[in-house]
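A look at the structure
Given next are the chains, with one letter for each unit.
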Amino acid sequence: MFRINENYIKLPGSYLFSTIGKKVSVYSTAHPDKKIIRLGIGDVTLPLVPAVTEALHGAVDEMGNAETFRGYAPDLGYEFLRKAIADNDYRARGCDIDADEIFISDGAKCDTGNIQEIFSLDNRVAVCDPVYPVYVDSNVMAGRTGTYDSERETWSDVIYMPCTAENRFAPELPGESRTPDLIYLCFPNNPTGATITRAQLQEWVDYAQKKGAVILYDAAYEAYISEEDVPHSIYECEGAKSCAIEFRSFSKNAGFTGVRLGFTVIPKELKCGDVSLHALWARRHGTKYNGAPYIVQRAGEAVYSEAGKAQLKEQVAYYMKNAKYIFNGLKEAGYTVSGGVNSPYIWLKTPKGMSSWEFFDCLLEQVNVVGTPGSGFGPSGEGYFRLTAFGSYENTVEAVDRIRTLQF
Ligand code: MLT
């Protein structure tokens, strides 16, 4: 008789964004006349820029021609894309990352969820609280998180690093009593929109080196950084190549949420004893993955063309204008808001001590605006709420104006 992976049974509820999707769908079915504005999941709304669509069309034509047709992509991704990434995202910022340290994939969600496979089950995981749910849930599925405490909504074997207003939503180094082996960090942060400075990130790198830990650094929102002392990559820090893996996505900087493209950087000098993590991930990638499509990798290359860079700068600026509107509009209305400066996410305190889900229901039912309850990202998110700047400008303005009509 077959048996299932019991770890899946331990997972509480469904994936956060599926739960929200279901709630919104129930409401909209019951109220078909209402115009719902969705500022919940961080999904982009602007179309692909011309540099990208031209590259896609060109690549489709190549695939339809016997001379230029391509079958399976190279295991780790096409050299043209890996080189463009190494040159533009790393070397241009003084980070010594080679093209062959980059693994092309179909997105950062899959990579941040899958990376735990190359680590032993007895590694102790540390996460920020609140946190992007994929980091925790993928470790639950693997059986690395111990038992679930439904009161506190925490796992016994996970180290939670609270990110609260008191520490400006920046995690503090774990105390001596519990030392992590794998440390998930995401900056600019999802969900709080907070960032840390280069000097603060350097402290994490120094800590990881001292403890023999690996930092799993999610930089999916890097394109939204506007301040000078906020690092774009962990490899801007001294020593990071021997203790950090970095994840990037084309979803938020180039609108590829429906196209799918991302990459992971594993420097060759990152080792456990004699074993290179690069070699392990290459083995995993080669066995379980057949690569992002050629046409999509060509589209990714176009992101780094001069035209692509200029067009995407405008796209990011468009979303940041939304972020500013949400931030200022809610602040003027008396809300306590943060994020939104180096990030497309605005993190606000719910009014009058409402719980995150109470505020979610209130916005959905009274003004037909969808956001994301902070508690869905972890216990320290309770009493907070996330709004995304990825809507259209018109909808963003309307949503903020509607929220401002609420009296508490
Ligand atoms: C979010 O809303 O947190 C993100 O869109 C989720 C993701 O990128 O997978």
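As shown above, the structure is provided for reference.
What comes next is a walk through the structure. Residue positions are given per chain, counted from 1 along the sequence in the order it is written. Note on the predicted model: pLDDT of at least 70 is required for a residue's local features to be given, and 80 or more for side-chain atom pairs to be given and counted; whole-chain, interface and lining totals, by contrast, use all residues. Just so you know, side-chain values use all the structure's heavy atoms and leave hydrogens and water out.

Now for the site of the ligand. With respect to spatial proximity, the complete set of residues near the ligand consists of Phe-17, Ile-41, Gly-42, Lys-109, Tyr-132, Asn-190, Tyr-221, Lys-252, Tyr-345 and Arg-386. Throughout this description, a polar contact denotes any pair of N or O atoms lying within 3.5 Å of each other; where both atoms belong to protein, one of them has to be capable of donating a hydrogen while the other can accept it, and for residues adjacent in sequence the pair is counted only when both atoms sit in side chains. Note that an oxygen atom of the ligand is positioned 2.9 Å from one of the side-chain N or O atoms of Asn-190. Here an oxygen atom of the ligand sits 2.7 Å away from a polar atom, N or O, in the side chain of Arg-386. Relative to its unbound accessible surface of 270 Å², the ligand loses 86% to contact with the protein. For this purpose, a residue is taken to be near a molecule or strand whenever a single non-hydrogen atom of the residue falls within 4 Å of it. For the area figures, the Shrake-Rupley method with a 1.4 Å probe applies, and any residue is considered shielded solely by the protein chains shown.

What we call a nonpolar core is a set of buried Ala, Val, Leu, Ile, Met, Phe, Trp, Tyr and Cys residues that are connected through their side-chain atoms within 4.5 Å. Working definition: with a 1.4 Å probe on protein chains only, accessible area under 20% of the residue-type maximum means buried, over 50% means exposed, and in between means partly exposed. Judged by nonpolar contacts, the single largest core of 103 residues is most densely connected at Leu-185 and Ile-215. Only DSSP runs of H or I reaching four residues or more are called helices, and only runs of E reaching two or more are called strands; each is numbered from the N terminus. Among the elements that line this core, the one with the most residues is helix 11 (residues 306-332), at eight residues. Discounting residues that sit within four places of it in the chain, Ile-215 has contacts with Ile-183, Leu-185, Trp-204, Val-205, Ala-208, Ile-234, Cys-243, Ala-244 and Ile-245. Residue contacts are counted whenever heavy atoms from the two residues lie within 4.5 Å of one another.

Turning next to the pairing of strand 14 (residues 345-349). When you tally the buried positions in strand 14, you get four out of five residues, the bulk of the element. Being paired, for any two strands, means DSSP has found at least two bridges between them. Across three bridges, strand 13 (residues 337-339) lies against strand 14 in antiparallel orientation. Residue Val-337 lies in a different strand from strand 14, and its bridge partner there is Leu-348. Remark: five residues form the turn of the hairpin made by strand 13 and strand 14, two consecutive strands paired antiparallel; Gly-340 in that turn has positive phi of roughly 75°.

Right, let's talk about the pattern of salt bridges for a bit. For this document, the term salt bridge refers to a Lys or Arg side-chain nitrogen within 4 Å of an Asp or Glu carboxyl oxygen. In total, this model carries 20 salt bridges according to the counting rule given. Ionic pairing is found between Lys-83 and Asp-87, a salt bridge with its closest N-O pair at 2.7 Å. With Lys-83 and Asp-87 both in helix 4 (residues 79-90) and four residues apart, this pair spans about one turn of that helix. In this structure Asp-87 comes out as partly exposed when scored by relative accessible area, which is 31%. Arg-93 serves as the salt-bridge partner of Glu-222, at 4.0 Å between the closest nitrogen and oxygen. Taken as a pair, Glu-222 in the loop between strand 8 (214-218) and strand 9 (244-249) and Arg-93 in the loop between helix 4 and strand 2 (102-105) lie far apart in primary sequence, 129 residues in all. A relative accessible area of 11% places Glu-222 in the buried class. Overall, Arg-93 belongs to the partly exposed group, its relative accessible area being 40%. One continuous salt-bridge network, built from bridges that share partners, spans Asp-89, Arg-93, Glu-222, Glu-246 and Arg-248.

A few words on the sheet that holds strand 8. A sheet is described by the order of its strands in space; here seven strands give the open sequence 2-10-9-8-7-3-6, paired in mixed fashion. Each edge of the open sheet is held by one strand with a lone partner, namely strand 2 and strand 6 (158-162). Neighbouring strand axes in the sheet, compared pairwise and without regard to direction, differ in orientation by 20° on average. Relative to strand 10 (residues 262-265), strand 2 runs antiparallel, the two sharing four bridges. Bridged to Ile-104 within strand 10 is Phe-263. Axes here mean lines fitted to C-alpha atoms, for a helix over just the part in contact, with angles spanning 0 to 180 degrees between N-to-C directions.

It is worth spelling out helix 11 at this point. In this scheme, a helix's expected span is set at 1.5 Å multiplied by one less than its residue total. The terminal C-alpha atoms of helix 11 lie 39 Å apart, and with 27 residues this matches the ideal 39 Å at 1.5 Å per residue to within 8%. Among the residues trailing helix 11, Gly-334 stands out with phi positive, at a value near 100°.

Together, Met-1, Phe-2, Ile-4 and Ile-9 make up an exposed nonpolar region whose accessible area comes to about 570 Å². Within the fold, Ile-9 resides in helix 1 (residues 7-10). Surface patches are drawn from residues lacking salt bridges whose relative accessible area is over 30%; two like charges belong together within 9 Å, two nonpolar side chains (Val, Leu, Ile, Met, Phe, Trp, Tyr) within 5 Å.

With that settled, consider the packing of aromatic side chains. What counts as a ring pair is set by centres within 6.5 Å for rings of Phe, Tyr and Trp (its six-membered ring), and what kind of pair is set by the plane angle: stacked under 30 degrees, edge-to-face over 60, tilted for all other angles. Tallied over the entire structure, the rule returns 27 aromatic pairs. Ring centres of Tyr-78 and Tyr-294 lie 5.2 Å apart, and the angle between their planes is 75°; on these two criteria the pair is classed as edge-to-face. Taken together, the positions of Tyr-78 in the loop between helix 3 (50-63) and helix 4 and Tyr-294 in helix 10 (residues 294-303) put the pair 216 residues apart, joining distant regions of the chain. Accessibility expressed as a relative area gives 4% for Tyr-294, which makes it buried. Summarising the aromatic geometry, the rings of Phe-80 and Tyr-294 are spaced 6.1 Å apart at their centres and angled 90° between planes, so their arrangement reads as edge-to-face. Here Phe-80 is found in helix 4, whereas its partner Tyr-294 is found in helix 10, with 214 residues between them in sequence. Residues Phe-80 and Tyr-294 agree in their burial class; the two are buried. Distance and angle both matter: a charge sits over a ring if NZ of Lys or CZ of Arg is within 6 Å of the ring centre and within 35 degrees of the ring normal. The ring of Phe-80 carries the charged tip of Arg-298 above its face, separated from the ring centre by 3.7 Å. Lys-349 extends its terminal NZ or CZ atom over the ring of Tyr-384, reaching a point 5.0 Å from the ring centre.

Between its terminal C-alpha atoms helix 2 (residues 16-30) stretches 22 Å, which fits the 21 Å expected from 15 residues at 1.5 Å a residue. Listing the buried residues of helix 2 in full gives Leu-16, Phe-17, Ile-20, Val-24 and Tyr-27. Seen from one end, helix 2 has its buried residues packed into an arc of 90°, which puts them on one side. Away from the buried face of helix 2 by more than 90 degrees, exposed residues Lys-22, Val-26, Thr-29 and Ala-30 are located. The arc in question is traced by the directions running from the helix axis to the C-beta atoms.

The next point concerns the packing of helix 3 against helix 10. One way to put it is that helix 3 packs onto helix 10 with a least axis distance of 8 Å and a crossing angle of 145°. Viewed along their axes, helix 3 and helix 10 form a crossing whose handedness is right-handed. Residues Ala-51, Val-52, Ala-55, Leu-56, Ala-59, Val-60, Glu-62 and Met-63 of helix 3 pack against Tyr-294, Ile-295, Arg-298, Ala-299, Ala-302 and Val-303 of helix 10. Put simply, Ala, Val, Leu, Ile, Met, Phe, Trp, Tyr, Cys and Pro go in the nonpolar bin, Asp, Glu, Lys and Arg in the charged bin, and everything else, Gly too, in the polar bin. Residues that form the contact of helix 3 with helix 10 fall into these classes: twelve nonpolar, no polar and two charged. The sense of a crossing depends on the near helix, which, turned anticlockwise from the far helix by less than a right angle, makes the crossing left-handed and, turned clockwise, makes it right-handed.

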